[in-house]
Amino acid sequence: MNRIFYLLMIPALLMLAACNVEEGGTEEHTITATINGENWYFYDATIRPSDEGGMVLRAMGYLLTEQDNAERANLEITFTGLSSPDQLREGYVAEFAATNTGNSAFAVLRLPNQQLMFDTKLDPETQGTFTVESVEDNQMSGTFSFVAKDQLGRPVTVESGDFDEVEIIR
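Read on for a plain summary of the structure. Everything numeric here is computed off the predicted structure, so don't read it as measured data. (Residues numbered from 1 in each chain as written. Predicted model: local features only at pLDDT ≥ 70, side-chain atom pairs only at ≥ 80, totals over all residues. Heavy atoms only, no water.)

### Here's the deal with the overall build of the protein chain
Along its length, the protein chain carries one helix and 10 strands. When the helices and strands of the protein chain are read in sequence order from the N terminus, they spell out α-β-β-β-β-β-β-β-β-β-β. In the protein chain, which comprises 170 residues, the share counted as buried stands at 37%. Long-range contacts, defined as pairs at least 24 residues apart, comprise 52% of the intrachain contacts of the protein chain with a sequence gap of at least 6. Accessible area of the protein chain: about 10300 Å², with a carbon and sulfur share of 48%. (Helix = DSSP H or I, 4+ residues; strand = E, 2+ residues; numbered from the N terminus. Buried < 20%, exposed > 50% of the residue type's maximum accessible area, 1.4 Å probe, protein only. Contact = heavy atoms within 4.5 Å. Areas by Shrake-Rupley, 256 points an atom, 1.4 Å probe, with all protein chains shown as cover.)

Pasting the structure below:
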């Protein structure tokens, strides 16, 4: 009798697991942004010391253009004025700039499906800010926006960037 019960339970457990995968089909996002008027979602976001000094925020993202076809993106924001994660505090502001001075930052946005890479360092008139609104339990939250260009001078506008509970790795 016990064997029959266990044999009947296996299909039920497999069906329950399949339902959970379908319902949670997308990764939990910690960053949202409007890129050229479209809503993008970013996940696996962390900020950590970079190999070149300073700190870097990295995240992977997607734009759902159709139910099963997601366009991918990679976002990287490097902070030249930070030398330690301990400097990330509520109220920290970095200005996106083409030069590495003071509390500045530069961003690189890659859209692999379109084979495009936008970089704030390619425009001497780059504008934008990155603001930390809260830091708690090795996680930070805040906002950002910037304009970047690709190597042909085509702009991309990133607005309404909002990050929530991005992990700070020390």
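The discussion continues.
### Regarding unusual backbone geometry
Phi is positive for Asp 44, which is not a glycine, with a value near 50°. With a relative accessible area of 53%, Asp 44 lands in the exposed category. Residues other than glycine seldom take positive phi values, yet Gln 115 does so here, at roughly 55°. Summarising the element assignment, Gln 115 is placed in the loop between strand S6 (104-111) and strand S7 (116-119).

### Considerations on the packing of aromatic side chains
Going through the model one piece at a time under the given rule, you end up with nine aromatic pairs. Ring geometry for Tyr 41 and Tyr 62: centres 5.7 Å apart, planes at 35°, overall tilted. A residue pair is termed long-range when its members are at least 10 positions apart, and Tyr 41 in strand S2 (residues 38-49) and Tyr 62 in strand S3 (residues 55-66) qualify at 21 residues. Residue classification places Tyr 41 among the partly exposed residues on the basis of a relative accessible area of 27%. Residue class for Tyr 62 comes out buried when judged on its relative accessible area of 4%. One cation-aromatic arrangement involves Lys 121 over Phe 106; the distance from NZ or CZ to the ring centre is 4.1 Å. (Phe/Tyr/Trp six-rings, centres within 6.5 Å; stacked < 30°, edge-to-face > 60°. Lys NZ or Arg CZ within 6 Å of the ring centre and 35° of its normal.)

### Remarks on the environment of Val 132
You can see Val 132 is positioned in strand S8 (residues 128-136). The buried category is assigned to Val 132, whose relative accessible area is 0%. When the C-alpha atoms of Val 132 and Arg 89 are compared, they prove to be 6.8 Å apart, with 43 residues separating the residues in sequence. Excluding residues within four positions of it along the chain, Val 132 makes contact with Leu 88, Arg 89, Glu 90, Gly 91, Tyr 92, Met 140, Ser 141, Gly 142 and Phe 163.

### Side note on the pairing of strand S10 (residues 155-168)
In terms of strand pairing, strand S1 (residues 31-35) meets S10 through four bridges, oriented antiparallel. Across the sheet, Ile 31 pairs through a bridge with Phe 163, a residue of S10. Sheet topology note: the strand S9 (residues 139-149)/S10 ladder contains nine bridges and is antiparallel. Bridge pairing in S10 links Lys 149 to Pro 155. In sequence, S9 turns back onto S10 through a hairpin of five residues, with Gly 153 there showing a positive phi of about 90°. (Pairing = 2+ DSSP bridges.)

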